[in-house]
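Read off the chains here:
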Amino acid sequence: QVQLVESGGGLVQAGGSLRLSCVASGSIFRINAMGWYRQAPGKQRDLVATITRGGTTNYAEYVKGRFTISRDNAKNTVYLEMNSLKPEDTAVYYCNARLLRYDRTTYNDYWGQGTQVTVSS
């Protein structure tokens, strides 16, 4: 019932920038946290950055100072501004939303379809 739609991925040269967006829609009671994860071929899906409703952020060490996560609670949208991109940033980037269920006691994670980010050298 919940859908996350991502946009903004693409091909960029090393040192360039991209801005990813993700909009959540559907049967939503409350989104507590949103975030971005990435997965390179043959590797596990790793956290990139998360942000709470109150604006508290958490970043993977390898993106600190380069990426910025933000959100618009009214629009159920999360953004990821990526600067100084490196070839090792190449991966499929997935949007995540942690939703409080209607029972108000449990949470569930929803995922976007993923968007490819390719950084060339």
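Keep in mind that this is a model prediction, so the values were computed, not measured.

Parameters and conventions
Residues numbered from 1 in each chain as written. Predicted model: local features only at pLDDT ≥ 70, side-chain atom pairs only at ≥ 80, totals over all residues. Heavy atoms only, no water. Salt bridge = Lys/Arg side-chain N within 4 Å of Asp/Glu carboxyl O. Helix = DSSP H or I, 4+ residues; strand = E, 2+ residues; numbered from the N terminus. Buried < 20%, exposed > 50% of the residue type's maximum accessible area, 1.4 Å probe, protein only. Pairing = 2+ DSSP bridges.

Quick look at the pattern of salt bridges now. In total, this model carries four salt bridges according to the counting rule given. Residues R19 and E81 are paired through a salt bridge, measuring 3.8 Å at the closest nitrogen-oxygen approach. Separated by 62 residues along the polypeptide, R19 in strand β3 (residues 18-26) and E81 in strand β8 (residues 77-82) bring together distant segments of the chain. Overall, the relative accessible area of 34% leaves E81 in the partly exposed class. Three or more residues joined by partner-sharing salt bridges are found here, namely R38, R66 and D89.

Inspection of the sheet shows strand β4 (residues 30-39) paired to strand β5 (residues 46-52) by six bridges, in the antiparallel sense. Residue pairing in the sheet places W36 in a bridge with A49 of β5. Of the pairings in the sheet, the one linking β5 to strand β6 (residues 57-59) comprises three bridges and is antiparallel in character. Of the residues in β6, the one forming a bridge with I51 is T57. The turn linking β5 back onto β6 is made up of four residues, and G55 within it adopts a positive phi angle of 95°.

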